[in-house]
Amino acid sequence: MAIVVIVQHEIFRQKWATALQAQDPGLPVSVYPEVTDSGAVDFALAWRPPQGVFNRFPNLKVIASAGAGVDHILKDPDISPEITITRVVDRQLTHDMTSYLIAQVYGYLRNLPGYHDLQRQEKWQPGKYLMERQARIGIMGMGVLGQDAALKLRQLGFPVKGWSRSPKEVAGIEVLAGEARLKEFLQHTDVLICLLPLTAKTRNILNRQTFQALPGGAFVINVARGEHLVEEDLLAALESGHLAGACLDVFREEPLPQGHPFWRHPNIIITPHVASITSPESVAPQIVANYHRLQRGEPLQNVVSRQAGY
Ligand code: NDP
Ligand code: OXD
């Protein structure tokens, strides 16, 4: 049987194929669309696959997301419920996300983007100077990435709370669970970080009501998915002065279209979906290990729940 790599960006296709073959030189890897025997493919590694592409592989058993999120796969309604879907859980990916968040949180605390702007205007204007204890961090989504960020931010001296679907114990961090406790969680959050998966329940969760529940002057960081955010509601909350600013790494449409009001907004920081990028070299071992598990009929690792959507 064989693996097919179905990855949107051409440069990444070859990187993935090389990384997989470096793990196991005998691995039968093909790169979509150059697949000669689609009947032999039982395992697909995918990132933002074209809609309907999986129907071309009649013997497909596993789709492995090349990232942590699986929304880009699950949005295809034609994927048979028999197919197992897995995702990436990777130490480097987790580390990189936490580093990005720490950088953005300190940028907010010490007004670093503001000083970049002032420098261009040749203005010497000391401004906001907050200390860690003055910025209560609230993390929506206390999974692999959320927990790591929470623990490291707490080590740096920030008061941290988390919010997740189910209750959980995370050393020294209060985690509020379920919709019933969302408002309470938000009321104690000065810097809101969204690290939720995109599901039917979490789509549009960063909305007017959510922003209103935050204390005045709060800052919002969205590194999860663009569809979590209701864009007009963010603009209105910034316009009214209720929110101090936002940092956005993900967007409903990527690349963010030219002329979009976010580009030139003075209180929005934009990064082009680079908070944490999957490294094929780092992740290839878990993909190849799952491929071999499939061949041996053993349970796979990092399987997502089709029902929960993550
Ligand atoms: P996990 O699956 O490990 O964690 C998801 C967390 O969200 C869990 O704590 C889960 O709760 C919680 N959750 C899910 N649904 C709800 C809900 N309805 N209400 C409250 N909490 C909910 O995911 P990861 O931490 O690995 O990744 C999170 C997301 O980060 C990815 O799905 C992806 O979209 C994004 N990402 C973005 C990157 C970037 O570069 N911008 C890079 C990598 C990931 P429970 O624990 O109870 O199950
Ligand atoms: C991911 C991402 O889900 O890069 O891994 O967004």
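Residues numbered from 1 in each chain as written. Chains lettered and ligands numbered in written order. Predicted model: local features only at pLDDT ≥ 70, side-chain atom pairs only at ≥ 80, totals over all residues. Heavy atoms only, no water.

S.K.: Looking at this structure, I do not really get the site of ligand 2. What am I missing?
M.R.: Taken together, Trp47, Gly67, Ala68, Gly69, Arg225, His273 and Ser276 make up all the residues around ligand 2. For ligand 2, an oxygen atom lies 2.8 Å from a polar atom in the side chain of Arg225. The separation between an oxygen atom of ligand 2 and a polar side-chain atom of His273 is 2.7 Å. Protein burial of ligand 2: of its 210 Å² of free accessible surface, 85% is covered by the chains. Its residues assigned to classes, the shell around ligand 2 comprises two nonpolar, four polar and one charged. (Near = heavy atom within 4 Å. Polar contact = N/O pair within 3.5 Å; in protein donor to acceptor, adjacent residues only side chain to side chain. Areas by Shrake-Rupley, 256 points an atom, 1.4 Å probe, with all protein chains shown as cover. Nonpolar A, V, L, I, M, F, W, Y, C, P; charged D, E, K, R; others polar.)

S.K.: Where do I start with the environment of Lys161 in this structure?
M.R.: Note on placement: Lys161 falls in strand E7 (residues 160-164). Relative accessible area serves as the criterion here: at 23%, Lys161 is assigned to the partly exposed category. For Lys161, the contacting residues outside a window of four places in its chain are Ile137, Gly138, Ile139, Ile173, Glu174, Leu176, Phe185 and His188. (Helix = DSSP H or I, 4+ residues; strand = E, 2+ residues; numbered from the N terminus. Buried < 20%, exposed > 50% of the residue type's maximum accessible area, 1.4 Å probe, protein only. Contact = heavy atoms within 4.5 Å.)

S.K.: I would appreciate a short explanation of the pattern of salt bridges in the present structure.
M.R.: Any two side chains of opposite charge can pair, on the condition that their charged atoms come close. Applying the stated rule across the entire model yields eight salt bridges. The partner of Arg48 in a salt bridge is Glu254, and the shortest N-O contact between them spans 2.9 Å. With a gap of 206 residues between them, Arg48 in the loop between strand E3 (41-47) and strand E4 (62-65) and Glu254 in the loop between strand E11 (243-248) and strand E12 (268-270) connect regions that are remote in the sequence. In this structure Arg48 comes out as partly exposed when scored by relative accessible area, which is 29%. With its nearest N and O atoms 2.9 Å apart, the salt bridge here joins Asp190 to Arg136. In this pair, Asp190 sits in the loop between helix H6 (182-187) and strand E9 (191-194) while Arg136 sits in the loop between helix H4 (112-120) and strand E6 (137-140), placing the two residues 54 residues apart along the sequence. (Salt bridge = Lys/Arg side-chain N within 4 Å of Asp/Glu carboxyl O.)

S.K.: Help me out: how do you make sense of the site of ligand 1 in this one?
M.R.: Close to ligand 1 lie 28 residues; Arg87, Ser166, Lys168, Val223 and Tyr310 are nearest. At a separation of 3.0 Å, a nitrogen atom of ligand 1 approaches a polar backbone atom of Arg165. Between ligand 1 and Ser166 there is a distance of 2.5 Å, counted from an oxygen atom to a side-chain nitrogen or oxygen. When ligand 1 sits alone it has 940 Å² of accessible area, and the protein chains cover 91% of it. For the shell around ligand 1, the secondary structure elements donating two or more residues are helix H5 (144-155) and E7.

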